Every structure is written in C-alpha cells, then in structure tokens.
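# Coordinate inspection notes
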Amino acid sequence: MSDVQIRDDRAAGRLEAFAGDELAGHIQYFVLESPRRALVPVHTIVEPAYEGKGVAGSLARELYGIAAREGVVVAPLCPYVVRWAERHPEEAPAADPELLRAAKDWLIAHPEGF
C-alpha cells in the first residue's frame, strides 16, 4: 500500500501503519537484549477495512528495514512475519535458532501485553 505512513512507537512496542489519520494496522514487537539484540515481532494486526491492501507486508518490510539500519536482526515469532520472511529472503535474513529460542523463552516469561 503506497499511501500508508509507518511509524515506530518503540516505547509501546508497536510499528504502526496509518492511512491518513486512521490506523490501518500494526506489528506488536519487543526488543530482545540477550543473547543478542533483536527485534521480535509477536503479532501482526490489520484493520478489516485495510485487509488485502499490502499493509501487513509494508509493516514487515519496514521492520526488517529498521533492524538493518540499527544493525540488529529480526527474530520473528509472528506467523505472518515468518511467512513474509520466507518469501523475501533477500530482505529478511533467517534468524539463528538459538536467538528464536531465547525470544520464545523471553515471551513466556513476560506474557503481559502480548
């Protein structure tokens, strides 16, 4: 979706897509610090009026772009982001299995908000 604006609300752990002033969708994520710093997407939500318009893909692409600019990796737990990454390996390097295990363990220990 070309007319979507994406904003990173790091404090809230949300990458948000807006169409004008309206929230079109978001990726909920957290920042893992150990064993290596990573962005960990947990959920991707697209509002019904924006489904099928590329919002989720735009969000996933931007999440990987942010990670690349920050010199960190993405350890996807969100099923949508996992599938998107499999379809776009040139933009979404595979995460180390140890990092994915650490991300899952962190999420189990901190389920609040997810």
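In what follows, the structure referred to is the one given above.
Values in this document were obtained by computation on a predicted structure and should not be read as measured data.

Quick notes on the rules
- All residue numbers refer to position in the chain's written sequence, counted from 1.
- Since the coordinates come from a predicted model, pLDDT governs what is reported: local features require at least 70, and pairs of side-chain atoms require 80 or more to be given and counted, while whole-chain, interface and lining totals use all residues.
- Values reported for side chains reflect all heavy atoms of the structure, with hydrogen atoms and water molecules removed beforehand.
- Partly exposed describes any residue whose relative accessible area lies between the buried limit of under 20% and the exposed limit of over 50%, with all areas from a 1.4 Å probe on protein chains only and scaled to the type maximum.
- Numbering of helices and strands starts at the N terminus; helices are DSSP runs of H or I of at least 4 residues and strands are runs of E of at least 2.
- Strands are labelled as partners when DSSP assigns at least two bridges between them.
- By convention in these notes, a salt bridge is any Lys or Arg side-chain nitrogen within 4 Å of a carboxyl oxygen on Asp or Glu.

### Notes on the pairing of strand β3 (residues 22-32)
Burial runs high along β3: 8 of the 11 residues are buried. If you look at the hairpin formed by strand β2 (residues 14-19) and β3, you'll find 2 residues sitting between the two strands, and Gly 20 has a positive phi there, around 70°. Direction of pairing for β3 relative to strand β4 (residues 38-46): antiparallel, over a ladder of 8 bridges. When the bridges of β4 are listed, His 26 appears paired with Ile 45.

### Remarks on unusual backbone geometry
Peptide bonds are, in most cases, trans, and in most cases residues other than glycine have a negative phi. Each neighbour pair has its own omega, and for Ser 34 with Pro 35 the value is 15°, a cis peptide bond. With respect to the helices, strands and loops of the structure, Pro 35 is situated in the loop between β3 and β4.

### Some details on the pattern of salt bridges
The final tally for this structure, using the stated rule, is 6 salt bridges. Here Glu 70 and Arg 10 are joined by a salt bridge, their closest N and O atoms 2.8 Å apart. Here Arg 10 lies in the loop between β1 (5-9) and β2 and Glu 70 lies in helix α1 (residues 55-70), a separation of 60 residues in the sequence. Judged by its relative accessible area of 39%, Glu 70 falls in the partly exposed class. Its relative accessible area of 27% is what places Arg 10 among the partly exposed residues.

Any functional reading would require information that these geometric values do not contain.
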